[in-house]
Amino acid sequence: MEAKTNFIHYVGVNDRQKHLFENMWPLPYGVSYNSYLITEDIVTLIDTVDPHYFDVYIRKIKQHIGERPIDYLVINHMEPDHSGSIALIKKYYPDITIVGNKLTLNMIEGYYGVSENTLLVNDGDTLPIGKRTLSFHTTPMVHWPETMMTYIPEDGILFSGDAFGCFGALNGGYIDTEINTDIYWNEMVRYYSNIVGKYGSPVQKALQKLAGLKVHAICSTHGPVWVKHAQRVISIYDKLSRYEAEKGVVLVYGSMYGHTEQMAETIAEELSKQGIINIVMHNISKSNASDILTDIFKYNGLIVGSPTYNGQIFPEIDSLLSKILMREVKNRHFGYFGSFTWAGMAVKRMGEFAEKSKFNVVGEPVEMKQAMMDAEACKELARKMAKAINC
Ligand code: FEO
């Protein structure tokens, strides 16, 4: 398709004010909430936006259709960053018909008290809107149960909800052919690993479903519209949802006084000597979990180090390990090390994590009492990791 059409209008908004998405994940480049207006014989709005931006949103809509009413509002995803303006849209367009699957319509009633003027669609249903058609494809658990995609078969345009989305507001242009896309690639992995990461298997099922569709353009609810890079974006989501990763090691550590950090430095130096180029180090007390998870989804090796703290594992490391388990990350080589002063516990806790994660444990865990006198055990762990990730 042409990059721009005369019948689909971008009416999304940018959020450069929020610090934390879901009150957890930093937004250094902001985030966009995308919505699309289709002006065929029948006027259709696809998804809405965060209600804090409703005044901007309604102005954009009216710029395209003036006082013409909107016939359909299709809801692909109910998370409030997209569904939050449903009640306000209903106020502006009381006769609008809201289109959604069964789970969606139940949630609309629960969240917004709206149960009238709705149209229930099932997987594979179609809806004519003039010269074109909308077809609906349920994609459950990407990453909520009701998630659905809407497709225009005549043009190969896919409204994909959060799938294929990324963090990063849109700086003027919104189609990938018209903007510099550099920042969005890492923001895509960060978005996937932070928000969708647990749902690899449902994403794979959705991708298999999409394989039967010719997709020329992806209109997601976050980030650019993908035309030139549509296939690259699909392939990134495919790889991430298989938990496939590049060769490399993420080395995360907690350290109160620098002793555990010295173990991490020793391991990193030896990894480098072994020819490992991709080594990413994170001091857990400085790096944000959002970036650490991004790197864990990128690389196939993970080494974690923690001191014992209050007879337990360092709390920030504990929180990271929980986030990794929550995402059911698979196929990683895992090494671990730790330290204590009078009674060790951190290494034991990481051993329990290793079992739960089903990661491939490489080498022997290294446990240091007080300060490091002998670096050889750390070097050996690095050598074992280098060997494992190169296999
Ligand atoms: Fe962008 Fe799942 O909401």
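Structural notes, computed from the coordinates. (Residues numbered from 1 in each chain as written. Predicted model: local features only at pLDDT ≥ 70, side-chain atom pairs only at ≥ 80, totals over all residues. Heavy atoms only, no water.)

1. Focus: helix H4 (residues 102–112)
- All buried positions along H4 are accounted for by Thr104, Leu105, Met107 and Ile108. Axial view of H4: buried residues confined to an arc of 160 degrees, hence all on one face. Across H4 from its buried face, at more than 90 degrees, point the exposed residues Lys102 and Gly110.
- Where H4 is buried, its residues meet helix H3 (86–92), strand S9 (97–100) and strand S10 (118–120).
- At the N-terminal boundary of H4, the capping side chain belongs to asparagine 101, with an oxygen 3.1 Å from the backbone nitrogen of leucine 103.
- Immediately downstream of H4, the backbone of glycine 113 shows phi near 65 degrees, a positive value. (Buried < 20%, exposed > 50% of the residue type's maximum accessible area, 1.4 Å probe, protein only. Helix = DSSP H or I, 4+ residues; strand = E, 2+ residues; numbered from the N terminus. Arc of directions from axis to C-beta. Contact = heavy atoms within 4.5 Å. Polar contact = N/O pair within 3.5 Å; in protein donor to acceptor, adjacent residues only side chain to side chain.)

2. Comments concerning helix H1 (residues 54–65)
- For H1, with 12 residues, the first-to-last C-alpha span of 16 Å sits near the 16 Å given by 1.5 Å per residue.
- Within H1 the residues assigned to the buried category are Phe54, Tyr57, Ile58, Ile61 and Ile65. For H1, the arc enclosing every buried residue in end-on projection is 90 degrees, short of the 170-degree limit, so these residues lie on one face. Relative to its buried face, H1 has exposed residues pointing more than 90 degrees away, namely Asp55, Arg59 and Gln63.
- On its buried side, H1 packs onto strand S2 (13–15), strand S6 (36–39), strand S7 (43–46) and H3. (Expected span 1.5 Å × (residues − 1).)

3. Some details on the pairing of strand S18 (residues 299–309)
- Taking burial as the measure, the 11 residues of S18 include 10 buried ones, the bulk of the element.
- Summarising the sheet, strand S16 (residues 246–253) and S18 pair through six bridges and their orientation is parallel. Each bridged residue has a counterpart across the sheet, and for valine 252 the counterpart in S18 is valine 304.
- As paired strands, S18 and strand S20 (residues 333–340) are joined by seven bridges and run parallel to one another. Opposite valine 304, over in S20, you have tyrosine 336 as the bridge partner.
- The turn linking S18 back onto strand S19 (residues 312–313) is made up of two residues, and asparagine 310 within it adopts a positive phi angle of 55 degrees. (Pairing = 2+ DSSP bridges.)

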